[in-house]
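Understanding the architecture of this molecule
Take a look at the letters that make up each chain.
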Amino acid sequence: MGKINQEMNINEDLIKKAEVIKAISHPVRLCIVRGLLESGGRNVTEMQNCLDTPQSTISQHLTRLKAAGIVEGVRNGTEINYYLVNEDVKKIIKSLF
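The following paragraphs examine the structure supplied in this document. (Residues numbered from 1 in each chain as written. Predicted model: local features only at pLDDT ≥ 70, side-chain atom pairs only at ≥ 80, totals over all residues. Heavy atoms only, no water.)

1. Notes on the environment of Q48
- Counting through the fold element by element, Q48 comes out in helix α3 (residues 44-51).
- C-alpha of Q48 to C-alpha of I32: the two residues are 16 residues apart in sequence and 9.8 Å apart in space.
- With near-sequence residues (within four places) excluded, Q48 lies in contact with T53, P54, Q55 and I58. (Helix = DSSP H or I, 4+ residues; strand = E, 2+ residues; numbered from the N terminus. Contact = heavy atoms within 4.5 Å.)

2. Details of the pattern of salt bridges
- Enumeration over the complete set of coordinates arrives at four salt bridges.
- Residues K22 and E19 are paired through a salt bridge, measuring 3.0 Å at the closest nitrogen-oxygen approach. Of the two residues, K22 and E19 both sit in helix α1 (residues 2-23), three residues apart, roughly one turn of that helix.
- Among the residues examined, K22 registers a relative accessible area of 45% and is labelled partly exposed.
- Assessed through its relative accessible area of 37%, E19 is described here as partly exposed. (Salt bridge = Lys/Arg side-chain N within 4 Å of Asp/Glu carboxyl O. Buried < 20%, exposed > 50% of the residue type's maximum accessible area, 1.4 Å probe, protein only.)

Structure, rendered in structure tokens:
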């Protein structure tokens, strides 16, 4: 019984890691997380200027990244600064670039 439970936990962990990889697999999201790693944090306007992508598109991608636990937003007055918080993603981005 113990071995079966252990295998199920491993599979759940693999499923979670696969979801993280899927979340960063889009070119815009990959660019966002790379930029956040390099800069330490940015707001949507700064990302928009860097990516030459509409703000609404960036916001949609940030929603996906937040849902996957990859980025977090911190409100500072009227703006929200986003930060890369997932250590696995930091390692992946560092190894890619």
